[in-house]
Amino acid sequence: MSGNTFGTLFTVTTFGESHGLALGAIVDGCPPGLELTEADLQKDLDLRKPGTSKHTTQRREPDQVEILSGVFEGKTTGTPIGLLIKNTDQRSKDYGNIEDTFRPAHADYTYDQKYGFRDYRGGGRSSARETAMRVAAGAIAKKYLKDRFGIEIQGFLSQLGPIKLDVKDLSQVYKNTFFSPDPDAIPELESYMTALRREGDSVGAKITVLAKNVMPGLGEPVFDRLDADIAKAMMGINAVKGVEIGDGFEVIEQKGSEHRDEITPEGFLTNHAGGVLGGLSSGQDIVVNIALKPTSSITIPGKSINRKGESIDVITKGRHDPCVGIRATPIAEAMLALTLIDHLMRNRAQNADVHCQTPIVPAHI
Ligand SMILES: C=C(O[C@@H]1CC(C(=O)O)=C[C@@H](OP(=O)(O)O)[C@H]1O)C(=O)O
């Protein structure tokens, strides 16, 4: 394996580079009989695609997905689902000066060290453009989880640089290009981003993703605990530098009496654990937070070296996101959906005939 396949029973293999002909994926292990059309995938792809706001990259890609196989008469057949998105707006000349130099904080240097050379056009395989395929595959997982089990996945922007967002109205998240759960904060986000763009700089962000109505018992201790696999899924997204489940790093200062989620027959009293106990889903909401670093492609010159190892100043050209976190919500949702569907399949394979005598406790009172 060389790192381009995710999952064990429900698998996604992606291929493609930012400036190549196309991006593609093979989704294997999808149960048969799921009603599926290209529109189901396009909805999420349209949320992620570039060029929809002045605060994201100005590259314009329709990200029109084609389902090549695995669906017949509107339903999945249980055979591999082939997906394709053609690249249409490559501008490779912007990368002429990147061929022999390494942008600080980008994958340029490490790709060259590992492979000896790289497709430098648009970042090649290391480009966040690759995440389009995860979103397409994740939309299949989301649909199955929702249609068959009522599991709902919802993400939102919870912080952009210094601006922390309150969760005021989750129904507004997909109606604004920031994925903000606080519509009142949009003017502040707009002016922050406008100033940042003028400086030619970039900034980090935090995304929260929730999964509701997950049944207890998903996850495979000890190495494939659900939280461990969620962390792997999230860290595999470009620019992600941190993952927290539930209270995350806040647990450091908590006492056991504060942190524990007490259980009553009517429901759990709190959810500090973020829906995972002992590496298994508890039936409470799964709560994941991820930290995305500031985009490395910025127009402020920075010190680096060329391929000969000589000192140079790098100036990045091209069309880039000043905050990759702005478009990361659908990507994080997709990766959580892919992790959950894979564990659902795995749980079904081993434990379909298990009966636990204890009733399932509601997620919360
Ligand atoms: C194209 C997308 O984002 C790209 C992500 C990206 C990078 O280095 O990650 C670099 C830019 O590519 P280009 O210079 O070719 O425009 C972004 O536009 C996308 O998300 O679909």
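Okay, so let's go over this structure. Residue numbers restart at each chain and count upward from 1, following the sequence in its written direction. Local features in this predicted model are restricted to residues of pLDDT 70 or higher, and side-chain atom pairs are both shown and tallied only at a pLDDT of 80 or more, whereas totals for entire chains, interfaces and linings draw on every residue. Note that water and hydrogens are dropped before the side-chain values are worked out from all heavy atoms of the structure.

**Points about the overall build of the chain**
Move 1: Scanning the chain from terminus to terminus reveals seven helices and 18 strands.
Move 2: Within these notes, the globule rule equals 2.2 Å times the number of residues to the 0.38 power, and the radius of gyration is based on C-alpha atoms. Relative to its length of 365 residues, the chain is compact, with a C-alpha radius of gyration of 21 Å against a globular reference of 21 Å.
Move 3: Seen through its principal axes, the chain has C-alpha atoms that stretch 65 × 50 × 40 Å.
Move 4: Of all 365 residues assigned to the chain, the portion counted as buried reaches 50%.
Move 5: Whether two residues touch is decided by their heavy atoms; if any such pair falls within 4.5 Å, the residues are in contact. Long-range pairs, those at least 24 residues apart, make up 72% of the contacts in the chain with a sequence separation of at least 6.
Move 6: Note that accessible areas follow from Shrake-Rupley with a 1.4 Å probe, and for residues the cover is restricted to the protein chains shown. Surface summary for the chain: the accessible area is close to 17400 Å², and the carbon and sulfur share equals 54%.
Move 7: Residues counted as positive are Lys and Arg, residues counted as negative are Asp and Glu, and His and the chain ends are not counted. Think of each charge as sitting on NZ of Lys, CZ of Arg, CG of Asp or CD of Glu. Side chains of the chain carry 42 positive and 48 negative charges; the gap between the two charge centres is 6 Å. For the purposes of this entry, the term helix denotes a DSSP run of H or I that reaches at least four residues, the term strand denotes a run of E that reaches at least two, and both are numbered from the N terminus. Per-residue accessibility, obtained with a 1.4 Å probe over protein chains only, is compared with the maximum for each type, and a residue is labelled buried under 20%, exposed over 50%, and partly exposed between these values.

**Describing the site of the ligand**
Move 1: A cutoff of 4 Å decides nearness: a residue is near a molecule or strand if any of its heavy atoms lies inside that distance of it. Around the ligand, the structure places 15 residues, and the nearest of them are H19, R48, R59, Y95 and A128.
Move 2: Identification of polar contacts relies on pairs of N or O atoms within 3.5 Å, with a donor-acceptor requirement for protein atoms, meaning one able to donate a hydrogen and the other able to accept it, and with residues adjacent in sequence counted only if both atoms are side-chain atoms. With respect to the ligand, the side chain of R59 contributes an N or O atom lying 2.6 Å from an oxygen atom.
Move 3: Contacts to the ligand include R129, whose side-chain N or O atom sits 2.8 Å from an oxygen atom.
Move 4: Expressed as a share of its isolated accessible area of 470 Å², the protein-covered part of the ligand is 94%.

**Points about the sheet that holds strand β8 (residues 152-160)**
Move 1: Pairing between strands is defined by DSSP: at least two bridges between the two strands are required. Spatial strand order, β9-β8-β10-β16-β11: five strands in an open sheet with antiparallel pairing. Single-partner strands in this sheet number two, and they are β9 (163-164) and β11 (240-245).
Move 2: The sheet contact formed by β11 and strand β16 (residues 286-292) spans five bridges and is antiparallel. Each bridged residue has a counterpart across the sheet, and for G242 the counterpart in β16 is A291.
Move 3: All axes are obtained by fitting lines to C-alpha atoms, using only the stretch in contact for helices, and the reported angles, taken between N-to-C directions, cover 0 to 180 degrees. Taken strand by strand, helix α5 (residues 226-235) contacts β10 (205-212), β11 and β16, and its axis lies near 155° from that of β11.

**Notes on the pattern of salt bridges**
Move 1: The term salt bridge refers to a pairing of a side-chain nitrogen on Lys or Arg with a carboxyl oxygen on Asp or Glu at a separation within 4 Å. For the structure on display, the rule yields 27 salt bridges.
Move 2: We note a salt bridge from R118 to D112, for which the minimum N-O separation is 3.3 Å.
Move 3: Of the charged contacts, one joins E220 and R346 as a salt bridge, the two residues approaching to 3.0 Å between their closest N and O atoms. Within this pair, whereas E220 is found in the loop between β10 and α5, its partner R346 is found in helix α7 (residues 329-351), the two being separated by 126 residues in sequence.
Move 4: Each member of the salt-bridge network shares a partner with another, and the members are R48, R59, E61, D63 and R129.

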